[in-house]
Amino acid sequence: MNKDLRKVVIAGNWKMNKTPEEAKKLIEEIKPLVKDAKCEVVTCVPFVDLTTVLEATKGSNIKVGAQNCHWEEKGAFTGEISAPMLKSMNVEYVIIGHSERRQYFGETDITVNKRVKAALANGLKVIICVGESLEQREQGVTCELVAMQTKIALNGVSADDMKNVIIAYEPIWAIGTGKTATAEQANEVNHAIRETIAQVYGKAVADALTIQYGGSMNAGNAEELLAQPDVDGGLIGGASLKPADFAKIVEAASK
Ligand code: PGA
């Protein structure tokens, strides 16, 4: 399997952190530290920070993403944001199906699939999150579960649209806990995801797909994780709020 066939993407997920003022400060600190990156650098910020961060990153190598979007274009969906709204702002990426959305906000594989299709139909790139709980890992069903999550999320997505899809494998037990999957565990599941994609879309699409790892990736463990043959980048929570740490991860991905 040739890793050169695919794009390495390091995406920060700021989650529910930073006011617009704080976001401006943080992105201005990050910008010079990642300007020579040889990988793609994305920051996924709260909706209220999008305008500020889009403005601050103009002309830089940092791409901007949102953390969710609704599947309808508009209408009576109080509190929601649609894909055309994001697209109209020049947002490039959107995270869909993060485990925190699944855990705390009733997101299911079916709603993930609806959001993915709406985002792609509106020209956004999606980072689809999949991953198992500790209980599921202990039951030995990780690869099957993640394969199923992946298949449902992509139901009805064309092979052509797969060029705008990234999958992020994020074991729930590793998110925000300081417990990282070992490089072997991360690679095993990422490989299983690639096999699933190969079954559905064929080898060429699978070989070209960026599959990230996420879950306590940090400045210290990034290099080993990113050296794995099937780990093509990272989705970074906590460490993306620390400019020097985020920059180290980008540097590790640029090797
Ligand atoms: P973490 O979060 O890096 O803080 O574990 C990763 C994520 O939730 O995307």
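Per an unreviewed UniProt entry, the protein chain goes by the name Triosephosphate isomerase and belongs to [Clostridium] cellulosi. What UniProt states about the protein chain under its Subunit (unreviewed entry) heading is, verbatim, "Homodimer." Check the Sequence similarities (unreviewed entry) section of the UniProt entry for the protein chain; it says "Belongs to the triosephosphate isomerase family."

In this section: the overall build of the protein chain. Assigned secondary structure in the protein chain consists of eleven helices and eight strands. On C-alpha atoms alone, the protein chain measures out to a radius of gyration of 17 Å, which is about the 18 Å that the 2.2 N^0.38 rule sets for 255 residues. Principal-axis analysis of the C-alpha atoms places the extent of the protein chain at approximately 45 × 45 × 35 Å. Within the protein chain, the fraction of its 255 residues that count as buried is 53%. Restricting the contact set of the protein chain to residue pairs at least 6 apart, pairs at least 24 apart contribute 73%. As presented, the protein chain carries roughly 11,400 Å² of accessible surface, and 53% of it is formed by carbon and sulfur atoms.

Moving on, we come to the pattern of salt bridges. Under the criterion given, the structure shown has 19 salt bridges. When the shortest N-O distance is used, the salt bridge between Glu92 and Lys125 registers 2.7 Å. Of this pair, Glu92 sits in the loop between α3 (83-88) and β4 (93-96) while Lys125 sits in strand β5 (residues 125-130), and the two are 33 residues apart along the sequence. For Glu92, a relative accessible area of 23% puts it in the partly exposed group. Here Asp109 and Arg102 are joined by a salt bridge, their closest N and O atoms 2.6 Å apart. Among the charged side chains, a network of salt bridges with common partners joins Arg6, Arg194, Asp230 and Asp232.

Taken in spatial order, the eight strands line up as β1-β2-β3-β4-β5-β6-β7-β8 and close into a barrel, and their pairing is parallel. Each adjacent strand pair in this sheet contributes to an overall mean axis angle of 25 degrees, direction not counted. In the packing of helix α1 (residues 20-34) onto the sheet, contacts are made with β2 (40-44) and β3 (62-66), and the angle to β3 comes to roughly 135 degrees.

A few words now on the layout of surface pockets. Estimated volume of the largest pocket: approximately 500 Å³. As for the largest pocket, its lining consists of 20 residues, of which Lys15, Met16, Gln67, Arg101 and Phe105 are closest to the centre. Here the element with the most residues in the lining of the largest pocket is helix α4 (residues 99-104); it accounts for three residues.

Take the site of the ligand next. If you check the shell around the ligand, you find 13 residues, and the closest are Lys15, His98, Glu170, Gly176 and Ser216. In the model, an oxygen atom of the ligand is placed 2.7 Å from a nitrogen or oxygen of the Ser216 main chain. Contacts to the ligand include Gly238, whose backbone N or O atom sits 2.8 Å from an oxygen atom. Considering the ligand on its own, with 280 Å² of exposed area, one finds that the protein chains cover 95% of that surface. In terms of residue class, the shell around the ligand is made up of four nonpolar, seven polar and two charged.

The N-to-C vectors of helix α7 (residues 142-153) and helix α8 (residues 183-201) enclose an angle of 45 degrees; their axes lie 9 Å apart at closest approach. One finds that α7 runs oblique with respect to α8. Note on packing geometry: the crossing formed by α7 with α8 is right-handed. Two secondary-structure elements touch here, α7 through Thr142, Cys143, Val146, Ala147, Thr150 and Lys151 and α8 through Glu188, Val189, Ala192, Ile193, Thr196, Ile197, Gln199 and Val200. When grouped by side-chain class, the residues that make up the contact of α7 with α8 number eight nonpolar, four polar and two charged.

A separate point is the UniProt feature "active site" (unreviewed entry) in the protein chain. Under the UniProt annotation, the feature "active site" (unreviewed entry) is placed at His98 and Glu170. These residues run over 73 residues, yet every pair of their C-alpha atoms falls within 8.4 Å of each other. Of the annotated positions mentioned, His98 and Glu170 line the largest cavity. Assignment of secondary structure puts His98 in the loop between β4 and α4.

Reading guide: rules and limits
- Residues take numbers from 1 onward in each chain, read along the sequence in its written order.
- Where totals are concerned, whole chains, interfaces and linings use all residues; where local detail is concerned, this predicted model gives features only for residues with pLDDT of at least 70, and gives and counts side-chain atom pairs only at 80 or more.
- Here the side-chain values reflect all heavy atoms present in the structure, with hydrogen atoms and water set aside.
- UniProt positions are given in the numbering used here, feature names are shortened, and annotations may be inferred rather than shown by experiment.
- Put simply, DSSP H or I for four residues or longer makes a helix, DSSP E for two residues or longer makes a strand, and each gets a number counted from the N terminus.
- All radius of gyration figures rest on C-alpha atoms, and the globule criterion is 2.2 Å times the number of residues raised to 0.38.
- For each residue, the accessible area found with a 1.4 Å probe, counting protein chains only, is set against the maximum for its type, and the residue is called buried under 20%, exposed over 50%, and partly exposed in between.
- When checking whether two residues touch, look at their non-hydrogen atoms; a contact exists if any pair is within 4.5 Å.
- Where accessible areas are quoted, they stem from the Shrake-Rupley method and a 1.4 Å probe; at the residue level, only the protein chains shown are allowed to cover.
- When a carboxyl oxygen of Asp or Glu is within 4 Å of a side-chain nitrogen of Lys or Arg, the pair counts as a salt bridge.
- Pairing between strands is defined by DSSP: at least two bridges between the two strands are required.
- Each axis is a line fitted through C-alpha atoms, and for a helix only the stretch in contact is used; angles between axes span 0 to 180 degrees, taken between their N-to-C directions.
- Points on a 1 Å grid over protein atoms alone make up a cavity when a 1.4 Å probe fits among them but cannot get out, and a pocket when they form an open set with protein on both sides within 12 Å along at least five of seven lines; lining residues each have an atom within 4 Å of a point.
- Grid points are joined across faces, edges and corners, and a volume is the space filled by probe spheres set on the points.
- In this text, near means that some heavy atom of the residue lies within 4 Å of the molecule or strand in question.
- Two N or O atoms form a polar contact when they lie within 3.5 Å of each other; inside protein one atom must be a possible hydrogen donor and the other a possible acceptor, and for residues adjacent in sequence the pair counts only when both atoms belong to side chains.
- Amino acid classes used here: Ala, Val, Leu, Ile, Met, Phe, Trp, Tyr, Cys and Pro are nonpolar; Asp, Glu, Lys and Arg are charged; the rest, including Gly, are polar.
- Roughly parallel covers angles under 35 degrees, roughly antiparallel covers those over 145, roughly perpendicular covers 65 to 115, and oblique covers all other angles.
- The hand of a helix crossing depends on one turn: near helix anticlockwise from the far one by less than a right angle means left-handed, and clockwise means right-handed.

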